[in-house]
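Coordinate inspection notes
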Amino acid sequence: MKKLLISFLAILIFPTTSIEATPEYAKWGKIAVEETQKRYKADIIDYKHIGRTKLTPKKSEEKFKLWIRTKVGNEFGVFVSIQFDPSTEIIQSIQFSETNR
């Protein structure tokens, strides 16, 4: 019984829950979603971060895949590539590529 009480008190005193940090790509994901909504005037159904690539010292690229549904009900994927300067975070280009998968 003592062990159970001590275990319970330890859980209360030393919580094991960790605070999750915002992912580094969150800012770029928000931009990808906003720009895709502007371009296609559609609802975003799903979202996936593909990854970041360092292209040059002054250029990095974040890639995302978004699944969208148009007002008339058509669904398709859109790859979004955002190229930016990693030191200033200034966007250099945003490219869209549609896919049926």
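Relevant structure appears above.
Below is a short write-up of the structure. Note that the structure is predicted; figures quoted are calculated from it, not measured.

1. Some remarks on the overall build of the chain
- The helix and strand inventory of the chain stands at two helices and four strands.
- Beginning at the N terminus, the succession of helices and strands in the chain can be written as α-α-β-β-β-β.
- In the chain, which comprises 101 residues, the share counted as buried stands at 25%.
- For the chain, the accessible area works out to roughly 7700 Å², and carbon and sulfur atoms hold 56% of it.

2. Observations regarding the packing of aromatic side chains
- For the coordinates displayed, the defined rule picks out five aromatic pairs.
- Seen in terms of ring centroids, Trp-28 and Phe-84 are 4.0 Å apart; in terms of plane orientation they differ by 20°. Their pairing is stacked. With Trp-28 in helix H2 (residues 26-40) and Phe-84 in strand S3 (residues 75-84), this residue pair connects regions lying 56 residues apart in the sequence.
- The class of Phe-84 is buried, set by a relative accessible area of 1%.
- Within the aromatic cluster, the residues linked to one another by ring pairs are Tyr-25, Tyr-47 and Phe-64.

3. Remarks on unusual backbone geometry
- In this model, Lys-41 sits at a positive phi of 45°, which is unusual for a non-glycine residue.
- Residue position: Lys-41 is located in the loop between H2 and strand S1 (43-56).
- Here Glu-89, not a glycine, exhibits a phi torsion of approximately 60°, which is positive.
- As for its position among the elements, Glu-89 is in the loop between S3 and strand S4 (91-99).
- Given the relative accessible area of 38%, Glu-89 is considered partly exposed.

How each quantity is defined
Residues numbered from 1 in each chain as written. Predicted model: local features only at pLDDT ≥ 70, side-chain atom pairs only at ≥ 80, totals over all residues. Heavy atoms only, no water. Helix = DSSP H or I, 4+ residues; strand = E, 2+ residues; numbered from the N terminus. Buried < 20%, exposed > 50% of the residue type's maximum accessible area, 1.4 Å probe, protein only. Areas by Shrake-Rupley, 256 points an atom, 1.4 Å probe, with all protein chains shown as cover. Phe/Tyr/Trp six-rings, centres within 6.5 Å; stacked < 30°, edge-to-face > 60°.

Distances and angles like these do not, on their own, reveal function.
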